[in-house]
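Spelled out, the chains give:
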Amino acid sequence: MTRVFARRLRNGSILVAAIAGLLLWYGRQDDPLDQPQRVTGWLLVALVAFLALYSVRKKLAVVPLGSSATWLQWHVYIGLFGIVLFVTHNGWHAPTGTLESVLAVLFVLVTASGLGGLHVSRRIPPRLARRGEEVIYERVPAFIHRLAGRAQELALESVTKTRSRAIADFHAAELAGFLARPTDRLEHILGWGTAHRRREHAMAEFRTCLGPEETPVFDALTDLVRRKEDLDFHRANQGLLKYWFFVHVPLTHALLLFTAAHVVVVHAFGGGR
Amino acid sequence: MPAVTPRPKRWDHPFDESMSEEKAADLLALEPWKGLAAWAREDLKPAPAEARIKDLRRHLQNDARLLTCAEGEIVLRVGDYGNSAFVVLSGSVRVVLESAERGLGATVERKFDLRRRGFFGSLAQIWSNRKIVEERPPPRDGPAGGGRAAAEGGPSPGDDYVPIILGDLPAVLDERRTARITEGGIFGEIAALGRTPRTATIFAEGDGTRLLEIRWQGLRDIRRKFPPFKTYVDDRFRERVLLQYLRATPFFQHVGDTPEIRRWLEAGQVTEVLLDGVGLRASDLEPTSMKLGPQTVELVPIARARGWSGSAGIIVYRCDESEAGAQLGLGARAEMVRRLCAETGRKAVVVYPHGKGRLWQWCLAEPDVAEPSDVYGCHEGGGAGADELIQRLLREIALQEIGRQTDFHSYGEVDKTQLAAGIDTDPVIVEQGHYPDGLLLVRAGAVRMSRRLNRLERTVSYLGPGKSHGLAEIAHNWRHPDKPVNLQHTLRARGYVDTLLIPTAVIARFVLPSIPEDDLPPIFEPEEEAVLASADIHESLGGVDRSMVEFLVDKAFVNGTAAMVIDLDRCTRCDDCVRACAQGHDDNPRFIRHGPVHAGFMIANACMHCNDPMCMIGCPTGAISREMTTGQVAINDPTCIGCATCATNCTYDNIRMVNTRSQKGAFYIDAQSMPHMKATKCDLCVTQIGGPACERACPHNALKRIDLANVDNLAGWVRR
Ligand code: SF4
Ligand code: SF4
Ligand code: SF4
């Protein structure tokens, strides 16, 4: 058993036990709308505040506040517990009232973006590791620019070397646009491969029409196309890994605001219940 | 507008600003410099001799400084990293001769701890980081680096040097075995030149002890320019380091304790123990007598051993079975041993009274010290305590004998080009299929272990400092002389490698009989060579793929004690690690999350804090050096002159030269419009209370600083 598996087993068991404890306690309450709602409400506030603290920890990276990995573990498992707590707090019903509904939608969105982020952060890195060269996200456009320049040179060279415009024309019509900028973001994220297959097909067809002098030049161009696809793949997937965060964090801030409003409203109009 | 200022040079910041030319010239009249100057005058023509002496004076003026120590003041501490050596100018110092655990080192607080930020300090730095990237004070106006730690060449902690004084000096001297170093004696040079930890704690013996401290760059140059100094340093290396090394190596734990020796001891057969058990020779010296108070004692030399490098050896006397000898008290006997040691100039003197069973006394003197150390052991009567004490002595004698027969070899170069080359060009240390002519111990550097299969040589593992090779084969042949095996692997040097070779005969005589049967390596089963080799090549090494091992060795990453390994299957490329590094380093990260990748693991371009840091070799000012207490390779910014020697030397491209700027953001340039540069690199967050910020910041445990000298460290992490 690896250490990671052992850790997951332990944390998972604690989570299941905590959820079971919560449900058991909730089931034993006489008036499910009074005492339990207050307790779960405050617990939920504390829990959301704790989850939001993780981004503070990330900002104070050099301060010895425990490792970010440990924080993330707590963040994930407490977040999962929070889902059940949230549903319990609502008494297993859909919320009524505008504020509560907005709050519920925000909670769902934050949770969904969190789970989505967790999913992509586990799924994408191994795919990145196995595709092309490792490249820093911010440098991708510069590499693409370089590739496009090299492709342009090859196309021009082909005219002088082979005394034919075939490759240059194919490049201008089919490849120049693709090579000029990052493309196919969604394709690479969802793994469709439609554009890739279309391009491969067109290039394979075109290659059969080339003479022996032209083939090596075209193969070099094909190689550049493959490298461009790899760069697109990295750009799309690394982008997703970076930008899901920009959904999760602002939503969290909104959730915090609405939670505060909810607490005030409940205290002002609900007699502190 | 760029700020024009003169370009910094090597001796812009002398080790000691107050060291004048006259003071340096005065030092030339003292040993050992006096002897070196005399050598130059005798052995060189007048003009080169004068130039060489002038050079020596310039080194003393710029690379040395004068220290005055109080009684009991710790000068250096076991375990600290050495960046300088010391010469005693007046007074004396004491070396604590006991091991690190028993010696003073463990009980005395660290002397030059770098100032780590506290919790609030680390919080405050987030807001106090410089606004301008790579902003620096104007050259020359910057701090010259105060305090002893800065002078040691380490990162400057400011002028906060607080000497540590041993409280009860007489008690320390009573309790510990120490040796004295007096005027003209040098110490600390081995650790300084090898850039390794100090092996002993040394303190000043009297008030006003004057020392000259020389930083290692100066020492290295003097050693190169003065051959007698080189010989002296090299000989002392054999004397000082070898025995310590042997004592600390597990194979030698039981040396001098074989079943046969035990039997001889039981039977009181002292001569057999000495001659056959621990390898001394029969003595051809004349008997002597010694007057101790009113009594005269007859002493018969029965066994002895030569020392190495022409230095002192061991001699064993039998105290004649006279009435006088029998009546001597313990104190008188101790005095007898001390005097014998001093008179004979031997490193160790052992005396035992004939016919008195287990009454032994001995004295071990350290080489090159003015007087022998105190009586090392003395025991009267039988029992387990006596056996243990005698065996400790026998082990020392046997170790000295092993040390005497040990050969030193070094291979390869501390050279970027050699490291960049592949397996074929790595110098061979021992070759597969050859007779195992000795046990090879790696003292420093990284060794590639390879195996041939169908004429193709493949890397199967590597050995770092402290590892050995050949014991399995030697042990097999010792137990099965009828079915001998040859060496199963080839060893090659990756960069500069220091090794010790203890001949097979010595191992068979002293070491193998002392290892319990169960601890001996397993014997080789008669299997097909190809099957063995194939298994060797294809099996993983504790979870690490062999091709990964090959990659680490080929790229020489095995030199790294804190390599930044990133698991690309987990890394989400979030750059939290980079941001954390920037936060701790004035908003400019000290590494790039990029580097060679193999099997899903990246060795990022962050300083690996190498075992043998090539970057330190050429630094003219000592700005790049090991931090004293923890050994990280760090750069002292004020003394860095931006010559880029370190950046050029670092094979791994882990040092960045940066343009420096004034507070207003203007680039500093010199009169030729060349920018002023500074070297920057990962300092392993030496001033951060929590340790490496990059590692702590990674949310997915994808980044780890790993000592790659031992493959098990990587294996443990990969298997997590
Ligand atoms: S700078 Fe380079 S050579 Fe020096 S310790 Fe770091 S990695 Fe090793
Ligand atoms: S250990 Fe510190 S200085 Fe080195 S790379 Fe990590 S954060 Fe940067
Ligand atoms: S913090 Fe960890 S996951 Fe993020 S880029 Fe660095 S190594 Fe990768």
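For clarity, every value in this text was computed on a predicted model and none was experimentally measured. (Residues numbered from 1 in each chain as written. Chains lettered and ligands numbered in written order. Predicted model: local features only at pLDDT ≥ 70, side-chain atom pairs only at ≥ 80, totals over all residues. Heavy atoms only, no water.)

*Asks:* Describe the domain arrangement of chain B, naming the residues involved and giving the relevant values.
*Replies:* The domains assigned to chain B are domain 1 (9-104 + 168-248), domain 2 (252-404), domain 3 (412-503 + 519-537) and domain 4 (546-718). For domain 1 of chain B versus domain 4 of chain B, the distance between C-alpha centres works out to 31 Å. (Domains from an automatic or database assignment.)

*Asks:* Any details on the interface of chain A and chain B? Residues and values, ideally.
*Replies:* At the interface, 32 residues of chain A touch 37 residues of chain B. For the pair chain A and chain B, the two sides together bury roughly 2700 Å², of which 56% comes from carbon and sulfur. Among the residues chain A hides against chain B, the three largest losses belong to V62, P64 and E134 of chain A. Together they make up 24% of the total. Viewed at the interface, chain B and chain A are joined by four salt bridges. When the shortest N-O distance is used, the salt bridge between K58 of chain A and D576 of chain B registers 2.7 Å. For the side of chain A that touches chain B, the secondary structure elements donating two or more residues are α1 (3-27), α2 (35-59), α3 (68-89), α4 (98-129) and α9 (214-243) of chain A. It is α4 of chain A that contributes the most residues to the side of chain A that touches chain B, six residues altogether. (Contact = heavy atoms within 4.5 Å. Buried area = accessible area lost by both parts, 1.4 Å probe. Salt bridge = Lys/Arg side-chain N within 4 Å of Asp/Glu carboxyl O. Helix = DSSP H or I, 4+ residues; strand = E, 2+ residues; numbered from the N terminus.)

*Asks:* Which residues make up the site of ligand 2, and what values go with them?
*Replies:* Near ligand 2, the surroundings consist of M564, C581, H585, F591, C682, D683, L684, C685, P692, A693, C694 and R705 of chain B. Of the residues belonging to the shell around ligand 2, the class tally is nine nonpolar, one polar and two charged. (Near = heavy atom within 4 Å. Nonpolar A, V, L, I, M, F, W, Y, C, P; charged D, E, K, R; others polar.)

*Asks:* Give me the lowdown on the nonpolar core, citing residues and values where you can.
*Replies:* All names here are of chain B. By size, the foremost hydrophobic cluster in this structure holds 67 residues, and its most contacted members are W33, L212, L552, I603, I624, Y652 and L708. If we skip the residues at most four places from it in the chain, W33 touches L27, L28, L56, L60, V87, L212, I214 and I222. A303, A398, L500 and F510 belong to the second-largest nonpolar core, a separate cluster that totals 40 residues. (Core = buried A, V, L, I, M, F, W, Y, C linked by side-chain atoms within 4.5 Å. Buried < 20%, exposed > 50% of the residue type's maximum accessible area, 1.4 Å probe, protein only.)

*Asks:* Could you give an account of the packing of aromatic side chains, naming the residues involved and the relevant values?
*Replies:* Note on aromatic pairs: each is described by the distance of the centres and the angle between the planes. Throughout the structure, instances matching the rule amount to 17 aromatic pairs over all chains. Each ring, one from W244 of chain A and one from F245 of chain A, has its centre 5.5 Å from the other, and the planes form 90°; the classification is edge-to-face. Connected via pairs of aromatic rings, a cluster forms that spans F50, Y54 and W71 of chain A. Here R131 of chain A stacks its cationic end above the ring of F233 of chain A, 4.7 Å away from the centre of that ring. Sitting above the plane of the F15 of chain B ring, R65 of chain B keeps its charged end 5.0 Å from the centroid. (Phe/Tyr/Trp six-rings, centres within 6.5 Å; stacked < 30°, edge-to-face > 60°. Lys NZ or Arg CZ within 6 Å of the ring centre and 35° of its normal.)

*Asks:* Give me the pattern of salt bridges: which residues, what numbers.
*Replies:* Under the definition given, this model contains 36 salt bridges over all chains. Ionic pairing is found between E134 of chain A and R573 of chain B, a salt bridge with its closest N-O pair at 2.8 Å. Here the residue E134 of chain A occupies a position in the loop between α4 and α5 (140-162), and R573 of chain B occupies one in the loop between β23 (563-567) and α20 (576-584), the pair thus bridging two chains. Looking at E134 of chain A, the relative accessible area reads 11%, which means it is buried. Residue R573 of chain B is classed as buried on the basis of its relative accessible area, which comes to 1%. In this structure, E205 of chain B engages R94 of chain B in a salt bridge whose closest nitrogen and oxygen atoms are separated by 2.9 Å. Within this pair, whereas E205 of chain B is found in the loop between β8 (202-204) and β9 (209-215), its partner R94 of chain B is found in strand β5 (residues 93-96), the two being separated by 111 residues in sequence. Just as E205 of chain B is buried, R94 of chain B falls in that class too. Residues participating in the shared-partner salt-bridge network are R150, E153, E157 and K161 of chain A.

*Asks:* Could you give an account of the site of ligand 3, with specific residues and numbers?
*Replies:* The immediate surroundings of ligand 3 are formed by 13 residues, with C571, C574, D575, C577 and C698 of chain B found nearest. Among the residues making up the shell around ligand 3, the classes are represented as seven nonpolar, two polar and four charged.

*Asks:* Mind laying out the domain arrangement of chain A, listing which residues take part and the relevant values?
*Replies:* All names here are of chain A. The domain architecture assigned to chain A consists of domain 1 (2-131 + 244-269) and domain 2 (137-241). If you average the C-alpha positions of domain 1 and of domain 2, the two centres end up 45 Å apart. Contacts between the two partners involve eight residues from domain 1 and, on the opposite side, eleven residues from domain 2. For the pair domain 1 and domain 2, the summed buried surface comes to about 960 Å²; carbon and sulfur atoms form 61% of the total. It is R127, L128 and R131 that lose the most area in domain 1 upon contact with domain 2, and together they represent 63% of the buried surface on that side. There are one salt bridge connecting domain 1 and domain 2. R131 is the partner of D230 in a salt bridge, and the nearest nitrogen-oxygen pair spans 2.6 Å. Applying the counting rule to domain 1 against domain 2 returns six residue pairs in polar contact (both at pLDDT 80 or more). Its residues placed into classes, the side of domain 1 that touches domain 2 shows four nonpolar, one polar and three charged. (Polar contact = N/O pair within 3.5 Å; in protein donor to acceptor, adjacent residues only side chain to side chain.)

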